[in-house]
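# Coordinate inspection notes
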Amino acid sequence: MSAIEVQPRALTFGLFNDVEWLRAGCSTMAHGNMSLSQEPRSVVLPRREAFLRELGFDLPSAQMPHVVAPVMSHSDEIRTVPHEGVWLAPDCDVLVTQGPSVLVQAIADCLGLVIVDPVTRTIALAHAGYQGVGLDVPTKTVRYLERRFGVNPSDLLVAMGPSWQGSDGEGAWMDTRGPRLDSPRWNPYIRETGGGIVLRWVDRAYDQLVAAGVLRERIERCPIDTYSGSDFFSHHRWVGWGKEGIDGRHLVAVGIV
């Protein structure tokens, strides 16, 4: 049974229950769209603030300098957030800190990887869709934590958030393989099917974490498929339904309190 809970509205991870200095979770569609590119800041920032307060962050404002939201581009760029001072939103897909920052990412369908080291009090938030997994973002994030902060991978706790993984967990259906999936390293995770392929990219992300030294029992996989479900935003569902309404995003957040 998964320890993931959605109570009362936010999704939280039971894996982190014993880490008293940490708050982490994911918003749902009930919180509203969290993307600043889809609606005005005056609408989205109050939603973000309400969600972060629900998780237990005592914030005067979601615009405070220590709430860090990157500009993401499906890259393997990793940035460390400094302990002090105002820091503008960086262009990267992975944020790391040991300071009092709240790391947030607005995503839909892609994985939000919440990575925590209880020993060194290091936290990371990684955005990884199938493109990021193809760039080895899970592997590179663990190696970065080892190199930069002296983290032991076997100490890490990793939560894998809701993602486009198929209603049965067997993978995401695509109508074509495409050049981004040409690498033979994808072959074990691709199954040809009528009119397209089924891609087990979330399984590959999990395998990368394990190969990097993260213990299986310290990884929590959320079984929720964003495409077929109704509680989380899905870009691919929005496209499939004729691009009606808002192409929304939910917010993944982690921080030290």
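Here is a short report on the structure shown in this document. (Residues numbered from 1 in each chain as written. Predicted model: local features only at pLDDT ≥ 70, side-chain atom pairs only at ≥ 80, totals over all residues. Heavy atoms only, no water.)

### So, the nonpolar core
Rules: Side-chain atoms within 4.5 Å link the members of a nonpolar core, which is a set of buried Ala, Val, Leu, Ile, Met, Phe, Trp, Tyr and Cys residues. Using a 1.4 Å probe on the protein chains alone, a residue whose accessible area is under 20% of its type maximum counts as buried, one over 50% counts as exposed, and one in between counts as partly exposed. Residue contacts are defined here by distance: any two heavy atoms, one from each residue, within 4.5 Å place the two residues in contact.
Counting residues in hydrophobic clusters, the biggest one holds 37 residues, and the most contacted among them are L113, M160, W186 and W201. With residues near it in sequence (within four places) discarded, L113 still touches A124, L125, A126, A128, P138, V158, A159, M160 and L209. Core analysis: the next-biggest nonpolar cluster, separate from the first, contains 25 residues, V19, I107, V114 and I256 among them.

### Side note on the sheet that holds strand β12 (residues 190-193)
Through backbone hydrogen bonds, the strands of a sheet pair up, either in parallel or in antiparallel fashion. Put simply, the test is: Strand pairing is assigned whenever DSSP identifies at least 2 bridges connecting the two strands. Elements are defined by DSSP. Helices are runs of H or I of four residues or more, strands are runs of E of two residues or more, and each kind is numbered from the N terminus. Axes, fitted as lines to C-alpha atoms, cover a helix only where it is in contact. Angles between the N-to-C directions of the axes lie from 0 to 180 degrees.
Here three strands make up an open sheet; going across it, the order is β11-β13-β12 and the pairing antiparallel. Both outer strands of the open sheet, β11 (172-174) and β12, are each paired with one neighbouring strand and no more. Strand-to-strand twist across the sheet, computed as the mean angle between neighbouring axes with direction ignored, equals 25°.

### Regarding the state of the cysteines
Put simply, the rule is: Cysteine sulfur atoms are paired as a disulfide whenever they fall within 2.5 Å.
The tally for this structure, following the rule as stated, stands at zero disulfides. C92 takes part in no disulfide bond, and the closest cysteine sulfur, belonging to C110, lies 15 Å away. The class of C92 is buried, set by a relative accessible area of 0%.

### Topic: the pattern of salt bridges
The line we're drawing: Salt bridge, as applied in this entry: a Lys or Arg side-chain nitrogen positioned within 4 Å of an Asp or Glu carboxyl oxygen.
In total, this model carries ten salt bridges according to the counting rule given. As a salt-bridge pair, R79 and E77 come within 3.4 Å of each other at their nearest N and O atoms. A relative accessible area of 31% places R79 in the partly exposed class. On the basis of relative accessibility, which here comes to 35%, the residue E77 falls in the partly exposed class. A salt bridge links D203 to R200; the shortest N-O distance between them is 2.6 Å. Since its relative accessible area comes to 16%, D203 is described here as buried. Each of D136, R185 and R204 takes part in one network of salt bridges that share partners.

### Focus: helix α3 (residues 137-149)
Defined as follows: The length a helix should cover is 1.5 Å for every residue beyond the first. Working definition: the arc comes from the directions between the helix axis and the C-beta atoms, pointing outward to the latter.
Between the first and last C-alpha of α3 there are 17 Å, a value that for 13 residues agrees with the 18 Å anticipated at 1.5 Å per step. Listing the buried residues of α3 in full gives V137, P138, T141, V142, Y144, L145 and F149. Across the axial projection of α3, the buried residues extend over an arc of 155°, all falling on one side.

This is a description of form; function is not addressed.
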